Amino acid sequence: MRYEPLNLGRWVIWGAMALVFLVAPLVFSGGFALTMLIQMGTMIIFALSYNMLLGQGGMLSFGHAVYSGLGAFLSVHALNLIGKGAFTFPVTLLPLVGGLAGLAFGVLFGYVTTRRAGTTFALISLGIGEMVFACVLMFPGFFGGEAGVSTNRVVGQPFLGITYGPAIQVYYLVATWCFLSIVAMFALTQTPLGRMANAVRDNPERAEFVGYDTQKVRFLQLVLSSFFAGVAGALSCINFEIVSAENVSPIRSGGVLIATYIGGVPFFLGPILGAIIFIFFVVALSGFTKAWLLYLGLFFVTMVVYAPGGIASILLMQIPVIRARRLGELALPYALAAGAALVALAGLIGIVEMVYRLSEQGASTVLNVFGLSFDAQTTPPWIGFALVLAAGLVALRYASRLVGARWGAIQQDLLARRA
Amino acid sequence: MEFFLVQTLNGISYGLLLFMLSSGLTLVFSLMGVLNFAHASFYMLGAYFAYQISTKIGFWPALVVAPVLVGAIGMLIERWGLRQVHKHGHVAELLFTFGLAYLIEEAVHLVWGRSAVDYRVPPDLDGPLFTIFTSQYPIYRGFMMLVSVAMLVSVWLALTRTRIGLVIQAALTHPQTVEALGHNVPRVFMLVFGGGTALAGLAGVIGGNAFVTEPGMAASVGPIIFVIVVVGGMGSLAGAFIASLLIGCMQTFAVALDWNLVGGIKMSQLAPVLPYLLMVLLLIFRPTGLMGTREG
Amino acid sequence: MSANAIELRDVHKSFGKTKIINGVSLAIGKGERHAIIGPNGAGKSTLYNLISGRYPLSAGTILLNGEDITGLRPFEINRKGLSRSFQVTNIFHNMSVYENIRCSVLWAAGYRYSFWHRVGGLRDVAQRAEEVMEKIGLAGRRNVLAGTLTYAEQRALEIGITIAGGASVILLDEPTAGMSRSETARAIEQVRSVTEGKTLIMVEHDMGVVFGLADRISVLVYGEVIATGTQDEIQANAAVQEAYLGAVHKEIASA
């Protein structure tokens, strides 16, 4: 984890973040935008909790949805009990219930999963995830079976006039918990446990030889991470007013992994970026095309191959160049590369959409884009899009070489200046 | 008695299929250090290819052609995909194969749709093989066992008796030395990866029509294979063998036994969870697996 | 009678059928500087791995300050006051020099698994880390990423991590491996000053380092200690001469 000591800058950044949270629904107004913002807020907490495991602790988990999902289930039952009047508890503090539930399961499963590290840990987490998912379907009494458990968030006494009926109120609830969680999880990275989690990630053997039980470090890190996952689960429960087996599914676990990775695992801010991009893909894109999961998969694989540090790494790499005021030299190569990429993307989208149209039973095979229509059953559009894709890829190859050469020259200069 | 025999035979044939899958995974992991998360996806591709070929031409050509196709795809993926990711470390390799699993499943959705396809046992293999007391044991199950055993024996022979096999065995522990001796280790890696995927594809050819061929089949059998690998001990073929048979029989018996357990749950409902329970128990009492050798 | 710092009683270690350590018994007193020398493959690193808990013993006992530490895990042994360095530099590559040292101080300073202390505000930890960095001469490089240090600097950091926790028994595994003459001379001084008042056990190949630093020397050949004594005793020992010269003769003969 890069730790750059900031001074006044620290307050400016946190203040700016708080401001963004406050102002976002005013900038992105409208029901659809608000839905996305709420889901982004929840996903940010979830992805940050996941990165406590992967980025900070070196633990790759394929079953993190277990903690958020079980947190969600306990929250939904608590909410229903509040609704029935069994006890009074402010809905505002429901994420605490989810968090504690997540933490409890973190203790339970964490004991088993953290006995091993590395690839074995990853597979064990997958196994636990599958087991919990199967169990949830086996006990419809508590988990509601296929339909899940539904609830009503407008229950109990209104808090300062807030009922959480309107979406905007839900947004500010999510935003507050999100901001607090970000602060808390960042603070945790600055503690002895947080530092030793990094040490265990980098060199578990050495960590043992300076007096630390690596298994215990990983266990504690997982327990803390599952608390925040539970918080995210509770917020999801409040937002959607329904919790089902899908909340503990391997798909959810895969989703948070993809989101975190796309954003950037080695950086604290990475998962925040990744969560925003991921929700955008899933919510916005899925409205436009049936192929959104394919596009997400391709994007993810491309990131793994070409940018394993995620979007955050690409952005942060520019900072030394910006400081040296030489970003302008890269403007043209970047523009060329972006243009080539867009061309290739257009060709790819054309082909993918046409394939989807053909494979769908009873759908029209005519594709309408920018006022032009292409019939997927005829040959010319295929050749056309294939050519566009090929041209884009070739152009991208040249453009990326140009970027690489320009980048290398700048890096050499920067190194020479430093020496 | 009859029930016990029939279910044991079923369990063994299922276990052998699982071993075909887990052995390919273990070999690739032992050699390249990368766990192929998409291994079960190649199993699925084998089944779908076999379905396509058997409806157009016939089952017997499919038995040969489909695994070869899958192996070829595996080699291409290794050469153009996995090899690029190798320099980023094991986590990146695992995540690459993870993304690959998504992509393969989407591709299958695209081409063959979201519901199961009617991949059937060929008529000449459809029928009773022999009769145990009053039950008839199907020919196809016997065929499955035959193919599994034949394939595993030939892989074992290829590894221990041929030159390329010896090179592979040497490269398992000392890739740089083997390369220094003039062998093309990257090509060996590509062949082994392709071999592993072809093995998975073959398992798909014979398993796809015995069980079901649908886009979710990779996601349902994949985790069980990983459990087998963990339970048997990462990197141990003997362990994978024992774990495969153990889990194969355990699941077969659980599904067949219609016992009523506590809380209104039947044994057959518990069947999908059993391998994971076994894994959890093993982890508590014997964390390195039955015969653990290599730490992931 | 105060207990010895380290005592090995009839220690055996085999890997499968290969016997590496064949009945080693050794007693090293408190505050002693002890060197273990021997030809390559004698088992010196294995012995270290047994003492520090990295490998389990096949037979025998090891005592630390009179307490039986056989079979304990490395972190348990470290908490009882033993710390070791590694022949192949084993540092936290992705952290700065300062953070490397700080991680080595945290347990000894008593902060354990705390997730409620802000590590930047821990004065005692910071002070100790600064002290250690001064001692190993890396105070000027405190914010440099450990993976980008020069080889000699990394070896110094290796020693720094080893002593930072304040252990009373220090095991150094070839601390001057791969160093030039001047670097070695500086390393000897560093080792001498950082192990002031502690028990030091050192594996070394460089005889100059050994004779300069060690109070007593043990010679390990084929997993057995063939001689223990002061520098003069060892140099006069016939068995030692045989072991070293014999090895030289074999090399010449097969050349």
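Rules used throughout
Going along each chain's sequence as written, the residues are numbered from 1 onward. Numbering of ligands from 1 and lettering of chains from A proceed in the order in which they are written. Only residues with pLDDT of at least 70 are given local features in this predicted model, and only at 80 or more are side-chain atom pairs given and counted; all residues enter the totals for whole chains, interfaces and linings. For the purposes of this entry, the term helix denotes a DSSP run of H or I that reaches at least four residues, the term strand denotes a run of E that reaches at least two, and both are numbered from the N terminus. Burial in this document is a count-based property: other C-beta atoms within 10 Å of a residue's C-beta are tallied, and the residue is buried at 20 or more, exposed at 12 or fewer, or partly exposed in between, with C-beta positions derived from the backbone. Two residues qualify as being in contact provided that their C-beta atoms, derived from the backbone, are within 7 Å of each other. By the convention used here, strands pair only if DSSP detects at least 2 bridges between them. Convention adopted: a line fitted to C-alpha atoms gives each axis, helices being fitted over their contacting stretch, and angles between N-to-C directions are expressed from 0 to 180 degrees. Three residue categories are used. Nonpolar comprises Ala, Val, Leu, Ile, Met, Phe, Trp, Tyr, Cys and Pro, charged comprises Asp, Glu, Lys and Arg, and polar comprises the others, including Gly. Domain extents, as shown, originate in an automatic or database domain assignment.

Visitor: Go over the overall build of chain C with me, naming the residues and quoting the values.
Guide: When helices and strands are tallied, chain C shows 9 helices and 10 strands. Taken over the C-alpha atoms alone, chain C extends approximately 60 × 40 × 40 Å along its principal axes. The 255 residues of chain C split such that 42% are buried. Across chain C, every contact between residues at least 6 apart in sequence was considered, and the portion connecting residues at least 24 apart equals 65%.

Visitor: Run through the sheet that holds strand 9 (residues 216-221) of chain C, naming residues and quoting values.
Guide: Residues and elements named next belong to chain C. Read from one edge of the open sheet, 6 strands run 6-7-8-3-9-10, paired in mixed fashion. On the outer flanks of this sheet lie strand 6 (82-84) and strand 10 (224-229), each paired with one strand and no other. Strand after strand, the sheet turns through a mean of 15° between neighbouring axes, direction not considered. Across the sheet, helix 1 (residues 44-51) is in contact with strand 3 (33-37), strand 6, strand 7 (169-173), strand 8 (199-203) and strand 9; its angle to strand 7 comes to roughly 150°.

Visitor: So, the pairing of strand 1 (residues 6-15) of chain C: which residues are in play, and what are the values?
Guide: Residues and elements named next belong to chain C. In this sheet, strand 2 (residues 18-28) lies alongside strand 1 in antiparallel orientation, the contact comprising 8 bridges. For Val11, the partnering residue across the bridge sits in strand 2 and is Val24. A loop of 2 residues connects strand 1 with strand 2, the two strands running antiparallel in sequence, and Gly16 in this loop sits at a positive phi of about 65°. Here strand 1 pairs with strand 4 (residues 59-64) via 5 bridges, running antiparallel. Following the sheet pairing, Leu8 is matched in strand 4 by Ile62.

Visitor: Give a description of the arrangement of the chains that names residues and reports values.
Guide: In this assembly, 2 pairs of chains are in contact, and the pair with the greatest number of contacts comprises chains A and B. Without any contact between them, chain B and chain C keep their closest C-alpha atoms 14 Å apart.

Visitor: Before we move on, can you summarise the interface of chain A and chain C with the specific residues and values?
Guide: Often, the extent of an interface is quoted as the loss of accessible area upon association of its parts. Listed per partner, the contact involves 24 residues of chain A and 28 residues of chain C. Of all the secondary structure elements, the ones that give two or more residues to the side of chain A that touches chain C are helix 8 (192-202), helix 9 (204-209) and helix 10 (214-240) of chain A. Top element by residues in the side of chain A that touches chain C is helix 8 of chain A. It accounts for 8 residues. Among the residues forming the side of chain A that touches chain C, the class breakdown is 11 nonpolar, 6 polar and 7 charged.

Visitor: Lay out the interface of chain A and chain B in plain terms, naming residues and giving numbers.
Guide: Of the residues lining the interface, 30 residues belong to chain A; the matching set on chain B comes to 38 residues. Those elements that provide at least two residues to the side of chain A that touches chain B are helix 5 (118-138), helix 13 (292-306) and helix 15 (327-359) of chain A. The dominant element in the side of chain A that touches chain B, judged by the number of residues it contributes, is helix 5 of chain A, at 13 residues. Considering only residue class, the side of chain A that touches chain B consists of 21 nonpolar, 6 polar and 3 charged.

Visitor: With reference to specific residues and values, describe the domain arrangement of chain A.
Guide: Assigned domains of chain A: these are domain 1 (8-316) and domain 2 (324-418). A C-alpha centroid distance of 33 Å is found between domain 1 of chain A and domain 2 of chain A.

Visitor: Could you give an account of the sheet that holds strand 4 of chain C, naming the residues involved and the relevant values?
Guide: Residue and element names in this part refer to chain C. In spatial order, the strands read 2-1-4-5; together these 4 strands make up an open sheet with antiparallel pairing. Of all strands in the sheet, those with a lone pairing partner are strand 2 and strand 5 (67-68), marking the two edges. Across 2 bridges, the pairing between strand 4 and strand 5 is antiparallel. Across the sheet, Leu63 pairs through a bridge with Asp68, a residue of strand 5. With respect to the sheet, helix 1 is in contact with strand 1, strand 2 and strand 4, its orientation differing from that of strand 2 by roughly 65°.

Visitor: Account for the environment of Val243(A), naming residues and giving values.
Guide: Residue and element names in this part refer to chain A. Here Val243 is to be found in strand 2 (residues 242-243). What makes Val243 buried here is the crowd of 29 C-beta atoms within 10 Å. Along the backbone, Val243 and Val76 are 167 residues apart, and their C-alpha atoms lie at a distance of 6.9 Å. Excluding anything up to four places from it in sequence, Val243 contacts Ala72, Phe73, Val76, Gly148, Val149 and Cys237.

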